[in-house]
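# Observations on the model geometry
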Amino acid sequence: MSFRSSIRLQGGKYLLLGNEAIARGALEGGLGFAAAYPGTPSSEILESLMTVRDVLGIHAEWSVNEKVAFEAAYGASLAGVNALTAMKHVGMNVAADPLMSSAYTGVEGGFVVVTADDPSMHSSQNEQDNRWYGIHAYIPVFEPFDAGEAKEMTKYLFEFSRRFKHPVILRTTTRVSHTRGVVELGPIPDLKRAGKFVKEDRYVVMPANARVNRVRLLSKWGEISEAVNDIPFNRIEGDGEVLVISSGNAYGYVVESLKRFNVREKVRHLKVGTPVPLPRRLLSNAVKDVSKILVVEELDPVVEVEVKAALHDMGLNAVVRGKDLVGYEFELNHVRVRRAIAKFLGLEYVEPQVAAKSQVSVPARPPTFCPGCPYRPLFFELRRLVNQERIPYVASGDIGCYSLSYNPPYRMQDVMIEMGSSIGVGYGLSITTNDNVIAIIGDSTFYHAGLPPLVNALWHRRPMVVLILDNEVTAMTGHQPAPSTRREGETCHIPIESIVSGFGVKFVEVVDPYDVKAVHEIVRKAISYVREAREPAVIIARRRCALEVMRDLRRAGVEVVPYTVLEDKCVGCGICYDWFLCPAITPKESKKAYIDPELCVGCSACVQVCPTKAIVPLKEYNKDEVERFWR
Amino acid sequence: MLNVLISGVGGQGLLTLSRILGQAALSKGFKTYIAETHGMSQRGGSVSVFLRIGEDVMAPLPPEDDVNLHISMELIEAVRYSITHNERTVVVVNNKVIRPSLPGVRIPSIDDMLEALKKSTRNLYVTDASDASLRLGSTIGANIVMLGFVTYLLDKSSILSKDLVLGKVLELGSRELNARLFEAGYLDATGKVTQETIDYLVNVMKNAGSG
């Protein structure tokens, strides 16, 4: 069942992804406005809302970055409309500037800021714990443990936020956002996207007003800290002389572990749904007559530090264990929680009995470019060019599918930090080294954070080649539209060449990444240009994302003809499976190439890299008809 | 409580497979969690999905020593995740190797990988789901064949009935093709699955912990 068809339903239980549950909760809570920039593991929240915006009459959009999305939702909330923005944890760094001020000004409509953290870094560069942002900004942080609670919590948060005229943070982690759980659907009220902005001094953060805001913020923080004691997501379960405190996702692991040890009835368990601010009155009830306390939480000791401070203020001396038993890094699992509880309670603990590590060692399987990906021939050719011509270079990389060119054999990401850093960090390297800096950035990332550093490089006239990979979509996170997407409707297509030409970049070339000869020539030309002209050159490599093309071909009912290898022509050189490295092409015993028809998408990109012209379509087909979809 | 691991390579239809089982479990009134893999690792990388069914289930991931059923769409991944097997974990593996995209990568022989799997559990089943799917005219139907095989296990152990799961499969569309893919897997299981395997699954579902 799609999210769109589920909005007609109420009552009854459904299996929703944590992120879908948040979207559902927002609708049940009276959402009118939502904006986000995609980022794993947050993307499905807005994705779900996008599918229902027309039927429900709400505003939902993909914005160019997290700061802009935050500001958009913030503005909507100032007009009294219930608003939501969602981002991955590192996206909150981008939105941190307005986030801090939103607590000072307060809001009118309910304003829910979702941060989806990524313990274990399944798809991220760090595992920062964004609950700290709540402490830093004086914004309460709510943390659900599963999809069912995420729905109830999100719904509740709009009311909570309206009551205090204050933003709230809903913090999930990967296993909450990306785990399906049972969700009971409630009614969706009439949703309003129209509001009214009432002018007030608090919205103008001039120093004189900011000082008033600061004082009001602190007094509001006191009220919020009191209110969180009486919300359903914070509660005490069971009773005993020892206390276990769990926050968010840890709750489920703690309950299962206590059951496993058969001690659920002997242990008091404080379930925390608001790590920031910690419900201190509830905590003081929970610690009554308790000799020791264990705090189980994922990542940083946010709750643990606060519990220790609270006990100090209460004049209590109970032993508090936490990170010393559970550990900091990576996501929670049963072993970590069980081991910690066993040690804490002095129970016998047996390590899990599982199969010995297999005698057969299997190779790693890093993610890779999809069959048909336009980036594969591009990086194949870049690698060939810098090798053949012995060009000293630094490939300054960025966040997106092309980050995968870090892997061999391409190895074209020498430094890769955050969104937009290819140009910004590459710029610093272009000043301090004699290498040819090639900044590699995707279309969506370029609009997100690539414009200011390119303006800076142009302004200061630094010689660097900026290679913008334009597959006309935000591919890595699941094909959300970007300003590069050509789509009929409300949005406007903004070609990258018109932006960079408008800035005043003189060398602007568009190339088809499937045409490896053209790629070779244009990159070489750009490198000589920047050396002579001492200013940036921009190359735009444009071809649509293969997954998008395959979807469109399927919808249009156009047959995809896989390619095959002519046995007698193949000499087993290995270029196609070891250097071009398409997942559909594998070596046979004889070293000759074989194309797997289950994986081949008929893109034909491998045809030109085969030195003996051994790769041909399985049968005749209309190439022009298929090629139309790729452009 | 039943803990299922579904492993394979991004793009092999693992999410579809797990969602069908999850929806069938929910229809039968079971509390259900499916911990999915999204994002970067989906691009042809190693993927694992965990499905948990039962009233006591509270956490997204299963206990490390309590994976009861491992459905693997690919042999290398089956061996990689064999560290989760206890000696009776029921393992159903698609007899298919997808070469990791690494230059000059060395892959163990199929015989060696099957031998390693055999050592990790007493309940190993190997199916030719990819071949069966290609024979039936689909390059993307191996997951439905696998689902047919697994449904036999769940049906005979009275966890989920065949009609219930098949009903969810048909909701995907392409009804005729999907029904044939599903039946091919189910039929394959009919000749292979032992009573010991069924008894283990019955027992697992009855107990809160592992069997």
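Cut-offs used in this document
- Residue indices begin from 1 for each chain and proceed along its sequence in written order.
- Chain A is the first chain written and ligand 1 is the first ligand written, with later ones labelled in order.
- pLDDT decides what is reported in this predicted model: residues at 70 or higher carry local features, side-chain atom pairs at 80 or more are listed and counted, and totals for whole chains, interfaces and linings draw on all residues regardless.
- To obtain the side-chain values, all non-hydrogen atoms of the structure were used and water was disregarded.
- Helix and strand definitions follow DSSP, with helices as H or I runs of at least four residues and strands as E runs of at least two, each counted in order from the N terminus.
- In this setup the radius of gyration rests on C-alpha atoms only. A globule is expected at 2.2 Å times the number of residues raised to 0.38.
- Strand pairing follows a simple DSSP-based rule, namely that at least 2 bridges must link the two strands.
- Only C-alpha atoms enter the line fits that serve as axes; for helices the fit covers just the stretch in contact. Angles between N-to-C directions range over 0 to 180 degrees.
- When a residue's accessible area, from a 1.4 Å probe over protein chains only, is under 20% of the maximum for its type it is buried; when over 50% it is exposed; and in between it is partly exposed.
- Place the viewer so that the strands point away; then a crossover is right-handed whenever the path from the first strand over the helix to the second strand goes clockwise.
- Each patch is built from residues that are more than 30% exposed by relative accessible area and take part in no salt bridge. Like charges join if they lie within 9 Å; nonpolar side chains (Val, Leu, Ile, Met, Phe, Trp, Tyr) join within 5 Å.
- The Shrake-Rupley method, run with a 1.4 Å probe sphere, supplies the accessible areas, and residue values consider only the shown protein chains as cover.
- The salt bridge criterion pairs a side-chain nitrogen of Lys or Arg with a carboxyl oxygen of Asp or Glu, the two atoms within 4 Å.
- Domain extents, as shown, originate in an automatic or database domain assignment.
- Note on angle classes: values under 35 degrees are labelled roughly parallel, values over 145 roughly antiparallel, values of 65 to 115 roughly perpendicular, and the remainder oblique.
- Crossing handedness is read from the near helix: turned anticlockwise from the far helix by less than a right angle, it gives a left-handed crossing, and turned clockwise, a right-handed one.
- Any two residues whose heavy atoms approach within 4.5 Å at even a single point are treated as in contact.
- For this classification, Asp, Glu, Lys and Arg are treated as charged, while Ala, Val, Leu, Ile, Met, Phe, Trp, Tyr, Cys and Pro are nonpolar and the rest, including Gly, are polar.
- Summed over both partners, the accessible surface that disappears when two parts come together, traced with a 1.4 Å probe, is what is meant by buried area.
- Throughout this description, the term nonpolar core refers to a set of buried Ala, Val, Leu, Ile, Met, Phe, Trp, Tyr and Cys residues connected via side-chain atoms within 4.5 Å.

## Points about the overall build of chain B
- Across its full length, chain B carries 8 helices and 6 strands.
- Helices and strands in chain B line up, N terminus first, as β-α-β-β-β-α-β-α-β-α-α-α-α-α.
- In terms of overall dimensions, chain B is globule-like: its C-alpha atoms have a radius of gyration of 16 Å, near the 17 Å expected for 211 residues.
- Each principal axis of the C-alpha atoms in chain B carries an extent, and together these give about 50 × 40 × 35 Å.

## Quick look at the sheet that holds strand 17 (residues 507–511) of chain A
All names here are of chain A.
- One open sheet accounts for 5 strands, arranged 14-15-16-18-17; its pairing is parallel. Two strands close off the open sheet at either side, each with one partner strand: strand 14 (393–396) and strand 17. When strand polarity is set aside, the average angle formed by the axes of neighbouring strands in this sheet is 20°.
- In this structure, strand 17 lies alongside strand 18 (residues 537–542), joined through 5 bridges in parallel fashion.

## A short note on the pairing of strand 16 (residues 465–470) of chain A
Residue and element names in this part refer to chain A.
- The element strand 16 is largely enclosed, with a buried count of 6 among its 6 residues.
- Residues of strand 16 alternate between two faces, with Val 465, Leu 467 and Leu 469 on one and Val 466, Ile 468 and Asp 470 on the opposite face, all of them buried.
- The sheet contact formed by strand 15 (residues 436–442) and strand 16 spans 5 bridges and is parallel. Counted as the bridge partner of Gly 442 is Leu 469 from strand 16.
- For the handedness criterion, the β-α-β arrangement of strand 15, helix 19 (residues 443–459) and strand 16 is classed as right-handed.
- Inspection of the sheet shows strand 16 paired to strand 18 by 6 bridges, in the parallel sense. Bridging across to strand 18, Leu 467 finds its partner in Ile 539.

## A look at a nonpolar patch on the surface
Residues and elements named next belong to chain A.
- Together, Trp 132, Ile 135 and Val 305 make up an exposed nonpolar region whose accessible area comes to about 260 Å².
- With respect to the element layout, Ile 135 can be found in helix 8 (residues 131–137).
- For Ile 135, a relative accessible area of 41% corresponds to the partly exposed category.

## Topic: the domain arrangement of chain A
- Its domain assignment divides chain A into domain 1 (3–229), domain 2 (234–345), domain 3 (375–485 + 493–549) and domain 4 (559–630).
- Taking the mean C-alpha position of each, domain 2 of chain A and domain 4 of chain A sit 57 Å from one another.

## Section: the packing of helix 19 of chain A against helix 20 (residues 496–503) of chain A
Residue and element names in this part refer to chain A.
- Look at helix 19 against helix 20: their axes get within 11 Å of each other, and the N-to-C directions meet at 15°. What the angle tells us is that helix 19 and helix 20 run roughly parallel. Like other packed secondary-structure pairs, helix 19 and helix 20 cross with a definite hand, here right-handed. Here helix 19 contributes Asp 443, Phe 446, Tyr 447, Leu 451, Leu 454, Val 455 and Leu 458 to the contact with helix 20, which in turn contributes Ile 496, Ile 499, Val 500 and Phe 503.
- By residue class, the composition of the contact of helix 19 with helix 20 is 10 nonpolar, no polar and 1 charged.

## Remarks on the interface of chain A and chain B
- Contact residues are listed per partner, giving 67 residues for chain A and 61 residues for chain B.
- Buried area between chain A and chain B, both sides added, is near 5,300 Å², and the carbon and sulfur share of it is 60%.
- Ranking the residues of chain A by area buried against chain B places Arg180(A), Arg365(A) and Glu598(A) at the top, with a combined share of 16%.
- Applying the counting rule to chain A against chain B returns 9 salt bridges.

## Overview of the nonpolar core
- Residues Phe379(A), Ile440(A), Val466(A), Leu469(A) and Ile539(A) are the most contacted members of the largest nonpolar core, which totals 56 residues.
- Setting aside its immediate chain neighbours within four residues, Ile440(A) contacts Phe379(A), Leu382(A), Ala395(A), Ser396(A), Gly397(A), Asp398(A), Tyr402(A), Met412(A), Gln413(A), Ser422(A), Leu467(A) and Leu469(A).
- Leu153(B), Leu154(B), Ile159(B) and Val165(B) belong to the second-largest nonpolar core, a separate cluster that totals 52 residues.

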